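Architecture at a glance
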Amino acid sequence: IPILSLVFLLICLVICYLVLSRHEAEWGLMRNSLLLFRKKVSVASRLSGTMFIVYDRSQKHFMRLDESGDTVLHFIYLKDWLSKFYPDDLHLGKELLGILDEGKLEQYHTEYRYNFPDRYCWFSIDVSPYESNANNEKLSYICIVRNIDKERRELQEVTYLRDKAESANKMKTLFIQSISHEIRIPLNAIIGFSALVCEDTS
């Protein structure tokens, strides 16, 4: 009987060991999958110039996350955040803050100029709820922030060149109209005199 008990105990230990090993392997796969996902998000956000910023509605401050959107890098307090807006765009920042504090909207998009890191740049901001409580009240929002300064400058240059081309086209049209008027009067005179000369000779 003691030998059978010992064998039974050994079998139980082996089964438990196998179950634990399998459990650890599944956790390992899940952990590796999560790490790979974070790495992909980091690469994508770095290449696209995207930043992840979370607004905590109860604390009333922003948190800048790392490239994977996982770890808080630093806090951004409202007085510091509002002070970096381009003066003409400050109303857009206050409007965004009002929407975040109200906590009703599901999606929001805006664009404004912001001093980061040492000059004003255009930024595109897409906002979506991040965390909610049991009553479905929004506790925080995530802001996907992208630097679009280069695209804005290129758009301004294209607009400037288009306006310049349209102005040149108008000048050309006016010039042709003016020249055609100046040429038409003498030509009419020449044609008229030619007709008279032809009549006199016949």
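Residues numbered from 1 in each chain as written. Predicted model: local features only at pLDDT ≥ 70, side-chain atom pairs only at ≥ 80, totals over all residues. Heavy atoms only, no water.

1. Quick notes on the side chain of Asp149
- Assignment of secondary structure puts Asp149 in helix α4 (residues 149–201).
- Within the local environment of Asp149, its side chain forms a polar contact with the backbone nitrogen of Trp122, the two atoms lying 3.0 Å apart.
- With residues near it in sequence (within four places) discarded, Asp149 still touches Arg119, Tyr120, Cys121 and Trp122. (Helix = DSSP H or I, 4+ residues; strand = E, 2+ residues; numbered from the N terminus. Polar contact = N/O pair within 3.5 Å; in protein donor to acceptor, adjacent residues only side chain to side chain. Contact = heavy atoms within 4.5 Å.)

2. Details of the pattern of salt bridges
- Inspection of the entire model under this criterion finds 12 salt bridges.
- Here Arg146 makes a salt bridge to Glu151, at a shortest N to O gap of 3.2 Å.
- Judged by its relative accessible area of 32%, Arg146 falls in the partly exposed class.
- Linking Arg153 and Asp149 is a salt bridge whose minimum nitrogen-to-oxygen distance equals 2.7 Å. Here Arg153 pairs with Asp149, and both are found in helix α4, just four residues apart, close to one helical turn.
- You can call Arg153 partly exposed: its relative accessible area is 47%.
- Owing to a relative accessible area of 5%, Asp149 belongs among the buried residues under this scheme. (Salt bridge = Lys/Arg side-chain N within 4 Å of Asp/Glu carboxyl O. Buried < 20%, exposed > 50% of the residue type's maximum accessible area, 1.4 Å probe, protein only.)

3. Some points on the layout of surface pockets
- Taken as a whole, the largest pocket encloses approximately 340 Å³ of empty space.
- Every residue lining the largest pocket is counted, 19 residues in all, and those nearest its centre are Ile53, Ile76, Trp81, Tyr114 and Phe116.
- Of all the secondary structure elements, the ones that give two or more residues to the lining of the largest pocket are β1 (50–56), β2 (61–65), β3 (72–77), α2 (78–83), β4 (108–115), β5 (120–132) and β6 (138–147).
- By residue number, the principal contributor to the lining of the largest pocket is β3, which donates four residues. (1 Å grid on protein atoms, 1.4 Å probe; cavity = no way out; pocket = protein on both sides within 12 Å on 5 of 7 lines; lining within 4 Å. Points joined across faces, edges and corners; volume = space filled by probe spheres on them.)

4. Focus: the packing of aromatic side chains
- A full pass over the atoms with the stated rule returns 10 aromatic pairs.
- Where Tyr55 meets Phe62, the ring centres are 4.8 Å apart and the plane angle is 50°; that geometry is what we call tilted.
- Assessed through its relative accessible area of 2%, Phe62 is described here as buried.
- Aromatic ring contacts, followed pair by pair, group Tyr55, Phe62, Trp81, Phe85, Tyr112, Tyr114, Phe116 and Phe123 into a single cluster.
- Here the basic side chain of Arg152 rests over the ring of Trp122, its NZ or CZ set 3.7 Å away from the ring centre. (Phe/Tyr/Trp six-rings, centres within 6.5 Å; stacked < 30°, edge-to-face > 60°. Lys NZ or Arg CZ within 6 Å of the ring centre and 35° of its normal.)

5. A look at unusual backbone geometry
- Following Phe116, the chain continues into Pro117 via a peptide bond in cis, with omega recorded as -15°.
- Among the structural elements, Pro117 can be located in the loop between β4 and β5.
- Even without being a glycine, Asn136 presents a positive backbone phi close to 65°.
- By the secondary structure assignment, Asn136 is in the loop between β5 and β6.

6. Examining the pairing of β5
- Note: β4 against β5, eight bridges, orientation antiparallel. Paired with Tyr114 across the bridge in β5 is Cys121.
- What sits between the antiparallel neighbours β4 and β5 is a turn of four residues.
- Taken together, β5 and the strand that follows it, β6, pair antiparallel across an intervening segment of five residues, in which Asn136 is found at a positive phi of about 65°. (Pairing = 2+ DSSP bridges.)

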